[in-house]
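# Coordinates in review
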Amino acid sequence: MSKLNELSIAEASKKLAAGEITSVQLTEACLKEIEKRNPSLNAFLEVFADAREQAAKADARRAAGESHPLLGIPLAVKDNILIEGRKASAASKILENYVAAYDATVIKKLKEAGAVFLGRTNMDEFAHGGSTENSAYGPTKNPHDESRVPGGSSGGSAAAVAANLAPGALGTDTGGSVREPASFCGVVGLKPTYGAASRSGLIAMGSSLDQAGPLARTVEDAEMLFSAIRGKDPFDGTSIDASLYPARTAKKKIGVPRHLLEKGVDPDVVEKFNGALALLAKKGYEIVDVGLPSAGLALAVYYVIMPAEVSTNLARFDGVRYGLSLKGKNLFDDYAATRGEGFGAEARRRIMLGTYVLSAGYYDAYFGKAARAREILRKEYEAVLLGVDAIATPTAPSPAPKLGEKADPLSMYLLDVFTVTANLTGNPAISIPMGTVERDGKQLPVGIQLIAAHGDEAALFSAGKLLQYA
């Protein structure tokens with residue numbers, strides 16, 4: 001039973017259905033591994049005391065005749081996804097003791113499916129960052145090399161899956177926050193089509209960019225989790241039915257924008273990427289070069305639009321309605337003390353940048369221009385995806401950097417160069433492990449990213465399974 005925590009979701013689901021194991025045994029194996037490794041990794045901010053009780057209830061449901069694939073499967077949940085009656089701090093001091101009053105829709109769906117929630121995972125504060133170093137509760141460490149970051153902002157969830165603390169996890173992705181840590185930790189991470197999974201109950205960062213998505217050990221597991229959380233939700237007006245976008249016929253073609261790989265990408269990452277493309281070609285895909293002339297602007301566009309939405313969404317944390325509340329000499333001092341003490345440096349940086357680009361004198365010069373460029377990007381990707389099943393790039397230009405290595409914010413932002421576009425355009429995207437590269441004598445994972453047409457997650461799963469099981 002000591003290896004139960006290493007099972008994939010699909011493997012565990014089959015064993016549970018066959019009566020070979022129980023959810024209590026599976027959950028116990030995960031909890032033991034968490035007890036052993038989490039003090040060092042800091043992947044979980046809190047392990048739920050009732051995890052075993054949840055598992056026992058799942059076993060009782062199965063005994064009563066229920067048979068959902070996720071019934072009794074233990075999962076980790078990012079700290080910005082609300083679970084009724086539990087703390088949800090978004091890894092920030094300003095929400096340190098906030099207790100969720102309701103379930104996020106994705107949580108409600110997983111509860112209906114019978115999943116067991118192990119605990120809440122560490123993240124960059126309010127999802128601001130790509131390393132999990134911006135957490136108010138200390139950084140998470142990469143299980144492959146604890147001197148390195150796990151990526152972010154869903155770094156705790158990715159590390160939990162990679163370290164066999166949980167067979168799967170939920171994260172959120174605003175500019176690569178599921179896919180980048182998936183790449184750095186050697187797991188699978190999916191950002192669904194915008195609206196495919198409800199945002200109700202997610203602590204908002206960028207409302208036109210955010211999506212909840214799964215992290216798992218296999219493509220099949222990611223598909224199982226996505227199937228459980230997807231669907232239209234009356235509590236989220238931007239959510240969509242699976243039938244909104246017409247079904248596509250597979251073309252067996254992968255497009256590669258090679259002009260984006262000409263500088264800034266580590267040579268051994270490019271080598272692994274070319275190897276993954278060769279494998280897809282061997283499996284029957286035609287690899288074609290594609291042009292995306294505006295893709296080089298995506299990072300600049302993202303770092304105007306995202307902070308603008310951050311400054312708006314974080315305005316609600318004022319010390320009056322909920323969360324941290326510090327008192328000053330007057331109302332303005334209350335606001336200043338609460339927000340100055342409650343928000344970390346990166347959150348304050350993005351609030352100031354966003355407020356600036358939305359200000360009367362600069363709105364058209366920055367935000368208006370970025371919004372127009374975003375629409376051009378969307379049309380370019382839409383046009384290219386008419387002729388291919390997916391667009392492929394490395395997920396990140398390098399393997400995981402060392403803790404503290406990217407202290408300069410701009411160098412950290414550059415890690416998002418390949419991932420932000422799918423959030424700007426709303427396309428689904430997945431990161432799949434493509435091998436390892438050596439740094440300082442350690443083998444570090446790197447991932448390949450595939451971006452598909454709106455609503456065509458199936459194309460990502462089809463190609464991804466070929467890569468994974470080669």
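Anyway, here's the lowdown on the structure attached to this text. Sequence order as written defines the numbering, with residues in each chain counted from 1. Per-residue local features are limited, in this predicted model, to residues with pLDDT of at least 70; the limit for side-chain atom pairs, both in listing and counting, is 80 or more; totals at the level of whole chains, interfaces and linings are taken over all residues. By convention in this description, side-chain values take in all heavy atoms of the structure and omit both hydrogens and water.

### What about the overall build of the protein chain?
By the criteria applied, helices consist of DSSP H or I runs no shorter than four residues and strands consist of E runs no shorter than two, each listed in order from the N terminus. Secondary structure assignment for the protein chain yields 15 helices and eleven strands. Computation of the radius of gyration draws on C-alpha atoms alone. For the globule rule, the value is 2.2 Å times the number of residues to the power 0.38. A compact globule built from 470 residues should have a C-alpha radius of gyration of about 23 Å, and the protein chain, at 21 Å, falls within 12% of that. Taking the principal axes of the C-alpha coordinates as reference, the protein chain spans close to 65 × 60 × 50 Å. Only protein chains enter the area calculation, which uses a 1.4 Å probe; residues under 20% of their type maximum are buried, those over 50% are exposed, and those in between are partly exposed. With 470 residues in all, the protein chain has 58% of them scored as buried. Of the charged side chains in the protein chain, 53 are positive and 54 negative, and the gap between their average positions amounts to 1 Å. Counting rule for charge: Lys and Arg are taken as positive, Asp and Glu as negative, and neither His nor the chain ends is counted. Think of each charge as sitting on NZ of Lys, CZ of Arg, CG of Asp or CD of Glu.

### Some points on the side chain of threonine 421
Along the chain, threonine 421 falls in helix α14 (residues 420-425). In what follows, residue pairs with any heavy atoms lying within 4.5 Å of each other are defined as contacts. In this structure threonine 421 touches Ala298, Leu377 and Tyr381, once residues within four positions along its chain are discounted.

### A few points about the packing of aromatic side chains
For Phe, Tyr and Trp, rings pair up if their centres lie within 6.5 Å, where Trp contributes its six-membered ring, and each pair is then called stacked (planes under 30 degrees apart), edge-to-face (over 60) or tilted (otherwise). Tallied over the entire structure, the rule returns twelve aromatic pairs. Arranged with centres 6.4 Å apart and planes meeting at 85°, the rings of phenylalanine 317 and phenylalanine 343 form a pair that is edge-to-face. With phenylalanine 317 in the loop between α9 (298-313) and α10 (331-342) and phenylalanine 343 in the loop between α10 and α11 (345-358), this residue pair connects regions lying 26 residues apart in the sequence. Just as phenylalanine 317 is buried, phenylalanine 343 falls in that class too. Taking 5.9 Å as the distance between ring centres and 50° as the angle between the ring planes, the aromatic pair formed by tyrosine 356 and tyrosine 366 counts as tilted. With tyrosine 356 in helix α11 and tyrosine 366 in helix α12 (residues 363-384), this pair connects stretches of sequence that are ten residues apart. Accessibility expressed as a relative area gives 37% for tyrosine 356, which makes it partly exposed.

### A few points about the pairing of strand β2 (residues 74-78)
Most of β2 is tucked away: five of the five residues are buried. Residue alternation in β2 divides its side chains into two sets, Pro74, Ala76 and Lys78 and Leu75 and Val77, and both sets are buried. As paired elements, β2 and strand β3 (residues 116-121) share five bridges and run parallel to each other. Counterpart to proline 74 in the pairing with β3 is valine 116. Look down the strands so they point away from you; if the path from the first strand over the helix to the second goes clockwise, the crossover is right-handed. Each parallel crossover has a hand, and the one from β2 via helix α4 (residues 105-113) to β3 is right-handed. Here, strands pair whenever DSSP counts at least two bridges between them. Taken together, the three bridges between β2 and strand β4 (residues 168-173) define a ladder with parallel strand orientation. By the bridge assignment, valine 77 is partnered in β4 with leucine 170.

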